[in-house]
Amino acid sequence: MSPVAPRGANSAPSQQPLADSQAPDEGDGVDTSPSVSDRIAKTTCYMCACRCGIDVHIKDGKVRYINGNKDHPVNRGVICGKGSAGIMQHYSPARLSKPLLRTGPRGSGEFREIEWDEALAIATERLSAIRCTDPRKLAFFTGRDQSQSLTGWWASQFGTPNFAAHGGFCSVNMAAGGLYTIGGSFWEFGEPDWDNTKYFMLFGVAEDHDSNPIKIGLGKLKARGAKVVSINPCRTGYNAIADDWIGIRPGSDGLFVLALVHELLKAGRIDLDYLLRYTNAPVLVVQEPGSADDGLFARDEPGNLLAWDRAAKVPVYATDPDAKPALTGSYTVNGRRCMPVFQLIADRYLDESYSPDAVAARCGVSATTIRRIAAELAHVAFEQTIELPVAWTDWAGRRHETMKGRPVSMHAMRGISAHSNGFHTCRAIHLLQVLLGTVDVPGGFRFKPPYPRCTPPGPKPAGKNVRPMTPLEGMPLGFVSGPDDLLVDETGRPTRIDKAYSWEAPLAAHGLMHSVIRNAWAGDPYPIDTLMMYMSNMAWNSSMNTVETIAMLTDKDEVENYKIPFIIYSDAYYSETVPFADLVLPDTTYLERHDCISLLDRPISHADGPADAIRHPVVQPDRDVRPFQSVLIELGARLTLPGFVNEDGSAKYRDYADYIVNHERTPGIGPLAGWRSRTGGSIGKGEVNPDQLQRYIDNGGFWHHAFADDQRYYKMANGAYLDFAVQMGFIAKAEPIVFQLYSEPMQRFRLAARGHGKVQPPEAERGRIEASMDPLPFWYAPFEDDTVDVEKYPLHALTQRPMHMYHSWGSQNAWLRQITSQNRLFVHSETAAKLGLADDDWVWIESVNGRVKGQIKLIDGVNPDTVWTWNAIGKRRGSWGLKDDAAESNRGFLLNHIIGDQTAADANGRRYSNSDPVTGQAAWFDVRVRIVRCAAQEAGFTEPQFERFAQPPHFEPPVDVLRFGAEFRIKREAAE
């Protein structure tokens, strides 16, 4: 292993540079590639979460042009519309320019400008009082930031367990479903083997996530003739170029997948050797109903997992490489009746309730189609197996002369996650992959370092013993292995404000950000003092039930005090949430600050090697703003938080850049993995290198290490890779990572619900835990389907983001607004005809939670029982620097207004967060609606409308036409 990564990022076989697109000289005297800048700064894009490398062209100290960095391992020079439009994001008229202190009623937008010393003094005084009394009274929640290793550590050192980021309302089902099954997950934790796969399935994937790598990958698949199958109610973007589009009914994906499993099991098209080597399929499970160990794994006295040797006919260690474990049958071990995991899998999914004929009507997919897809998967996996001539050695020392692969790969995202049955659907997809033997093999789904990790990975969430002036015993977020790890008090009540890691959301690996405002308003489970948020538009598109959320933010008690006493908010722009803050800390744009895309957090790795990256200031702010990460570090020093001050009480770090270089999470491991040690000759682990940031800048803003050929696949059992992972600090020991098709941690919760163990759920929660915490994936209808009158509300309603927008940022961008400034409700032509609706009609979109008005567009590429729209286009007047007559405020609408943030009351009158009961993932896509044509006088404008926000003191009146670049042209022409 070379101690330093090569200068070029694209040395791995699947990461070669794209072809040079420089236009040839046509001899007509026209320069098609003129010099447009004084210098080019290489950094990392932030126009979405893709984190592509960009070349920022600077002219006269201003951003002139942005293009893709051809050496970057993420995008290899490709850049999308969002990335190119970063100029208009940076120069947005919505940028904040000074700290603000509220002067008018909360929500009015009335502020006065203050200096940073006053702003930080106010924050320090407030936070210090909380820390000295009850650190739980600070709820600190961040949005789509990429510095969660810092923000989480800050919360831990402060002592509050009430920290989380946006994942709870984005894709925690996808993350937890994978991490509890295979030790990794889709998107940031893994990717398809684009160069070798022959059959690619997308589940619930819109165009906004990982867009450039997916576009590059799909181009490769199309060029090679590989088949692309999309399972999505909407045929847009990637789904529109699929060879086979399956317009499934929302929320039924898990049922469709398990019908595929049924067919594969029935046909015997399962990779049994793969199951024996890499999964817990042969592990014995105790089958003793009523006992305290029913459903747990059989173990010997020291705790080793047991399997049944089919040759010796005795129990053996499940990890014994020389054993011949049975996958089926029933056995008696230590007086207990036991069955292998695979037998339980076969018993469940061979049941006729999972047959294509039984599920077709519910999925909206014909039984014939389901059988055809299953047959195609089996044919490619078992008849088109590929073999690479690369020798490798597994964890047990067994040498393999080639790397064999089944060239089927899959990718899934929020369309799967954002349902109340999303966790089990995600697990079902991984079950399907593993049964076919397609995880981390040539042609299959591949892990991105630092994954895979053990299932579930550590550490556990901290927050059991919250005390004044005392850091938590660990990080606020983590992974539980059973009821003993929950954050609940002796009565079973949640100890976090969002109720993560409670009986309501046991595996809440990312927290429940969408529950924070309601719980803080209600004082449930306790009141808080301060809500501190960063870059999360929780008063608008990042909130369910927006009308009620706004009311909660402004509601007062009987003595006219706000029920949420104090709100500190940091953002770069005047979003719909800023006016609800009491103290506003203005952030920089992504081109004005340092950021760290870290292996401790969410790196830019790909399957052929680990990678991380930075952002660094390519231009200086022209306003009185500061990077939030640096502000947080200064607050930590002012509060004398451990780790933020030296022994003499002085600040340990000057700013975030200093933290990135000098902070060590454990000895030798810091935020960045490249160029460690004084000489820069170490990777992963090593002493602090004062020149580390400069080495990143010199290398284009990133570091990348290319795996040797024998490390690229079978990472869960590959000896060379596992040794490397230990050296890098990814895992503690070079031991195999066993895929958990059957989840023992989940069974522990079921046993607690049945009355076993020292930590048991309250009586009212037992039935919910028993039903949802099944150790094998299963399907159940989304909660809203079972609680609303589906005859009255017959349509499913979805939102997704277009490829050229991201969250609410894009629709303030002058260039991107020209593409989409109004969203429509897309309705299937046949559905509209039945309702007597025509193209461009204005309609009321009604749910049990309320109604919103918008304009429809008729299409054919959608499931007939589904309507959908682009998210976050609709804006509130007075926000984002838009004019009052902007299309976004007058004709754009937000479906969030009619998505409930709570479920209907159960038999006990109990209402829960509108979330998956396992992880707490927000169930955005469960809403049922009906659409009704507006009266003639109601047409032409969206509703509901809200009072216009006042403008911050520094804001200039919005201009009719926002121009950029004319000054460069004028100067150039003058020089000519």
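Just above sits the structure.
Described below are features of the structure shown in this document.

Analysis parameters
- Residues numbered from 1 in each chain as written.
- Predicted model: local features only at pLDDT ≥ 70, side-chain atom pairs only at ≥ 80, totals over all residues.
- Heavy atoms only, no water.
- Helix = DSSP H or I, 4+ residues; strand = E, 2+ residues; numbered from the N terminus.
- Rg over C-alpha atoms; globule rule 2.2 N^0.38 Å.
- Contact = heavy atoms within 4.5 Å.
- Areas by Shrake-Rupley, 256 points an atom, 1.4 Å probe, with all protein chains shown as cover.
- Phe/Tyr/Trp six-rings, centres within 6.5 Å; stacked < 30°, edge-to-face > 60°.
- Buried < 20%, exposed > 50% of the residue type's maximum accessible area, 1.4 Å probe, protein only.
- Lys NZ or Arg CZ within 6 Å of the ring centre and 35° of its normal.
- Arc of directions from axis to C-beta.
- Salt bridge = Lys/Arg side-chain N within 4 Å of Asp/Glu carboxyl O.
- Pairing = 2+ DSSP bridges.
- Axes fitted to C-alpha atoms, helices over the stretch in contact; angles between N-to-C directions.
- Patch = residues over 30% accessible without salt bridge, like charges linked within 9 Å, V, L, I, M, F, W, Y side chains within 5 Å.
- Lys, Arg positive; Asp, Glu negative; His and termini not counted.
- Charge placed at Lys NZ, Arg CZ, Asp CG, Glu CD.

## Some thoughts on the overall build of the protein chain
Here comes step 1: Along its length, the protein chain carries 26 helices and 34 strands.
Here comes step 2: Taken against the 2.2 N^0.38 rule, which gives 30 Å for 976 residues, the C-alpha radius of gyration of the protein chain at 28 Å falls within 12% of a compact globule.
Here comes step 3: The C-alpha extent of the protein chain, read off along each of the three principal axes, is 85 × 65 × 65 Å.
Here comes step 4: Considering only intrachain contacts with a sequence separation of at least 6, the fraction spanning at least 24 residues in the protein chain is 71%.
Here comes step 5: Summed over its atoms, the accessible surface of the protein chain is roughly 33,300 Å², and 49% of this surface lies on carbon and sulfur atoms.

## With respect to the packing of aromatic side chains
Here comes step 1: By the definition in use, this model includes 41 aromatic pairs.
Here comes step 2: Geometrically, the ring pair formed by tyrosine 349 and tyrosine 354 is edge-to-face, given 5.5 Å between the ring centres and 65° between the ring planes. The residues tyrosine 349 and tyrosine 354 share a single accessibility class, namely buried.
Here comes step 3: One aromatic cluster is present, built from ring pairs that chain together Phe186, Tyr274, Tyr278, Trp392, Phe445, Phe447, Tyr714 and Phe739.
Here comes step 4: Here arginine 106 stacks its cationic end above the ring of tyrosine 562, 4.1 Å away from the centre of that ring.
Here comes step 5: The residue whose ring lies beneath arginine 851 is tryptophan 844, and the NZ or CZ to ring-centre distance is 3.6 Å.

## Remarks on helix α10 (residues 356-363)
Here comes step 1: What α10 keeps buried is the set Pro356, Val359, Ala360 and Cys363. The buried residues of α10 occupy an angular sector of 125° when projected down its axis, which confines them to one face. Set apart from the buried face of α10 by more than 90 degrees, the exposed residues are Asp357 and Ala361.
Here comes step 2: Among the structural elements, α7 (253-267) and α11 (367-383) are those in contact with the buried residues of α10.
Here comes step 3: The positive-phi residue at the C-terminal boundary of α10 is glycine 364, with phi of around 75°.

## Overview of the pattern of salt bridges
Here comes step 1: The final tally for this structure, using the stated rule, is 67 salt bridges.
Here comes step 2: A salt bridge links arginine 518 to glutamate 548, with the shortest nitrogen-to-oxygen separation between them at 2.8 Å. Note that arginine 518 is positioned in helix α14 (residues 516-522) and glutamate 548 in helix α15 (residues 546-554), a separation of 30 residues in sequence.
Here comes step 3: Here arginine 518 falls in the buried class, since its relative accessible area comes to 14%.
Here comes step 4: A salt bridge links glutamate 846 to arginine 851; its shortest N-O distance comes to 3.9 Å.
Here comes step 5: For glutamate 846, a relative accessible area of 13% corresponds to the buried category.
Here comes step 6: Where salt bridges share partners, they join Asp294, Arg348, Arg750, Arg754, Glu770 and Asp774 into one cluster.

## Focus on the sheet that holds strand β3 (residues 62-68)
Here comes step 1: Overall, antiparallel pairing links the 3 strands, which are arranged β1-β2-β3 in an open sheet. The open sheet terminates on both sides in strands that have one partner only, identified here as β1 (39-44) and β3. Neighbouring strand axes in the sheet, compared pairwise and without regard to direction, differ in orientation by 30° on average.
Here comes step 2: As paired strands, strand β2 (residues 53-59) and β3 are joined by 6 bridges and run antiparallel to one another. Paired with aspartate 55 across the two strands is asparagine 67, which belongs to β3.

## Re the pairing of strand β31 (residues 842-847)
Here comes step 1: Of all 6 residues that make up β31, 6 are buried, and the element is covered over most of its length.
Here comes step 2: Side-chain alternation along β31 places Trp842, Trp844 and Glu846 on one buried face and Val843, Ile845 and Ser847 on a second face that is also buried.
Here comes step 3: Where β31 hands over to strand β32 (residues 850-859), the hairpin turn is made up of 2 residues, counted between the paired strands.
Here comes step 4: Relative to strand β34 (residues 928-933), β31 runs antiparallel, the two being bridged by 4 bridges.

## Comments concerning the environment of valine 466
Here comes step 1: Turning to its location among the elements, valine 466 is positioned in the loop between β22 (445-447) and α14.
Here comes step 2: Assessed through its relative accessible area of 23%, valine 466 is described here as partly exposed.
Here comes step 3: Expressed as a C-alpha distance, the spacing of valine 466 and proline 282, which sit 184 residues apart in the sequence, is 42 Å.
Here comes step 4: When residues no more than four places from it in sequence are discounted, the contact partners of valine 466 are Asp134, Pro135, Arg136, Gly159, Pro161 and Leu472.

## Some details on a negative patch on the surface
Here comes step 1: Together, Asp25, Glu26, Asp28 and Asp31 make up a region of like negative charge exposed at the surface.
Here comes step 2: Turning to its location among the elements, aspartate 28 is positioned in the segment before β1.
Here comes step 3: Overall, the relative accessible area of 48% leaves aspartate 28 in the partly exposed class.

## Here we look at the sheet that holds strand β4 (residues 100-102)
Here comes step 1: Pairing within the open sheet is mixed, and its 7 strands lie in the order β5-β4-β25-β24-β23-β6-β7. The open sheet has two edge strands, β5 (111-113) and β7 (163-164), and neither has a second partner.
Here comes step 2: Across 4 bridges, the pairing between strand β24 (residues 566-571) and strand β25 (residues 583-586) is parallel. Bridge pairing in β25 places aspartate 571 opposite proline 586.
Here comes step 3: Its contacts with the sheet put helix α4 (residues 148-158) on β6 (138-142), β7 and β23 (530-534), and the angle it makes with β6 is roughly 175°.

## Side note on the environment of isoleucine 737
Here comes step 1: Locating isoleucine 737 in the fold gives a position in the loop between α19 (719-728) and α20 (744-753).
Here comes step 2: Once residues within four sequence positions are removed from consideration, isoleucine 737 is found in contact with Ile182, Tyr278, Pro452, Arg453, Cys454, Met716 and Leu722.

## Focus on the pairing of β2
In the case of a regular strand, side chains alternate between the two sheet surfaces.
Here comes step 1: Along β2, 6 of the 7 residues are buried, which leaves the element largely enclosed by surrounding structure.
Here comes step 2: Hairpin connection between β2 and β3: a loop of 2 residues separates the two successive antiparallel strands, and aspartate 60 in this loop has a positive phi of roughly 55°.

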